[in-house]
Structure formats: C-alpha cells, structure tokens
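Summary of the model geometry
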Amino acid sequence: MKVHDVIVGGVILGLGAFVATTGYMLRPPRHLAYGPGFFPMLIGFGLMTVGVLIGIQALSTLRGSRWATIPDWARSRAGLLRFAIIPAAIVFYIVAVGPLGFLATATILLATIFAVNAVTVRRGVPLALGLAVVVNLVFASVLHVPLSWGVLEPFSGWLIW
C-alpha cells in the first residue's frame, strides 16, 4: 500500500519523538558527560526533522491525490511474501537470538530472506553464513560488543580474535 507522504511524515515524526523520549529517559553514568541515551536522542531528533520535512513537502501535493493506493506488487503472492518476510524476520530474531545465538539466528534469517527473493540455496546459505560470521567478528572483535552465542557457546572462542 502506498500512503500519502503526509501520513508517512507524521509516522516518522511520531517514531522520532518516541525514540528521542526513550533515549532521554536513559540515565547517563555519573562519570560521563553523555550516556546510553545520547545516540538514540540524536537519531530521534533526526527522524523528527525528516518527518517534518517530508510532511511539509507533501502538503503541496495533498490536493486531488489519494491518501492510499495499493501498488502492483501487493497484488501478487510473491510480492506480499517479500514484504512480510522482513517483519517476520524481526519477530523471529527477537524470539530466537537468545536460545540459538546470533550466528545461528542470523544465518537462518538471511538464508530465508535470500530464498524468498529467489537466490539459490547453493549461493544463499554460504553467503548467509559468511555475512553472519563477518558481522559477529566486527561486533565481538572490533567493537567489543558481545552478541549472544546461544547453542554455540562452546565454540565462541574460535570466532573472536
């Protein structure tokens, strides 16, 4: 469904306000000038700015246009499946990352998304595994942000350098 940009701008503005408010409520440690809410607040203010700009720009085309239209891709099963896989992947990640761990969850998600988008299994599964390993290495070894290991906890030392 294609909705009018006035609605999109309003939704982005509301999302930005929510993110900024949530970031503001995170308390910084005493010894730091900024804390865990600093970047969420920046992102929230950025989203609010973009939402306002989209809404202002869309007001000029408001007259005579529909508030919502259904695009051609939404009329096919494949298009709807490609659309639905992303929210389903987010829900699956939230549920599965704890017990399965990041590597297994990311590999399953990426391989599924690739399969839905007509990437062959022979190409999609190795690519999904490679991307998951690279992301895990970047987070664990470069950024020092621990990701859940889940069922792969006994092998966690092999993938950190």
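Now for a look at the structure at hand.

Parameters and conventions
Residues numbered from 1 in each chain as written. Predicted model: local features only at pLDDT ≥ 70, side-chain atom pairs only at ≥ 80, totals over all residues. Heavy atoms only, no water. Core = buried A, V, L, I, M, F, W, Y, C linked by side-chain atoms within 4.5 Å. Buried < 20%, exposed > 50% of the residue type's maximum accessible area, 1.4 Å probe, protein only. Helix = DSSP H or I, 4+ residues; strand = E, 2+ residues; numbered from the N terminus. Contact = heavy atoms within 4.5 Å. Expected span 1.5 Å × (residues − 1). Phe/Tyr/Trp six-rings, centres within 6.5 Å; stacked < 30°, edge-to-face > 60°. Salt bridge = Lys/Arg side-chain N within 4 Å of Asp/Glu carboxyl O.

**A look at the nonpolar core**
Residues Val97, Phe102, Leu103, Ala106, Ala132, Leu147 and Trp149 constitute the largest nonpolar core, which totals seven residues. In terms of residue count, helix α4 (residues 102–116) provides more of this core than any other element does, three residues in total. In this structure, valine 97 is in contact with Phe92, Phe102, Thr105 and Ser148, ignoring residues within four places of it in sequence.

**Concerning helix α5 (residues 121–142)**
Counting along an α-helix, one turn takes 3.6 residues, and residues three or four places apart therefore face a common direction. With 22 residues, α5 should cover 32 Å at 1.5 Å per step; its first-to-last C-alpha distance of 30 Å lies within 8% of that length. Each element contacted by the buried residues of α5 is listed here: α4. Count one or two residues on from α5 and you reach histidine 144, which has phi positive near 55°.

**Comments concerning the packing of aromatic side chains**
Inspection of every chain in the model, using the stated rule, returns two aromatic pairs. Ring geometry for phenylalanine 38 and phenylalanine 39: centres 5.2 Å apart, planes at 75°, overall edge-to-face. Seen from their ring centres, tyrosine 93 and phenylalanine 102 are 6.4 Å apart, and the 80° between their planes marks the pair as edge-to-face. Assessed through its relative accessible area of 30%, tyrosine 93 is described here as partly exposed. Its relative accessible area of 10% is what places phenylalanine 102 among the buried residues.

**Some remarks on the pattern of salt bridges**
In the structure shown here, the tally under the stated rule is one salt bridge. Salt-bridge contacts for arginine 75 lead to aspartate 72; the nearest nitrogen and oxygen are separated by 3.8 Å. As far as the burial class goes, arginine 75 and aspartate 72 line up, both exposed.

**Structural notes on unusual backbone geometry**
Phi is positive for alanine 118, which is not a glycine, with a value near 70°. With respect to the helices and strands, the residue alanine 118 is situated in the loop between α4 and α5. With a phi angle near 55°, histidine 144 is a residue other than glycine that sits in the positive phi range.

So yeah, pure geometry; function would need other evidence.
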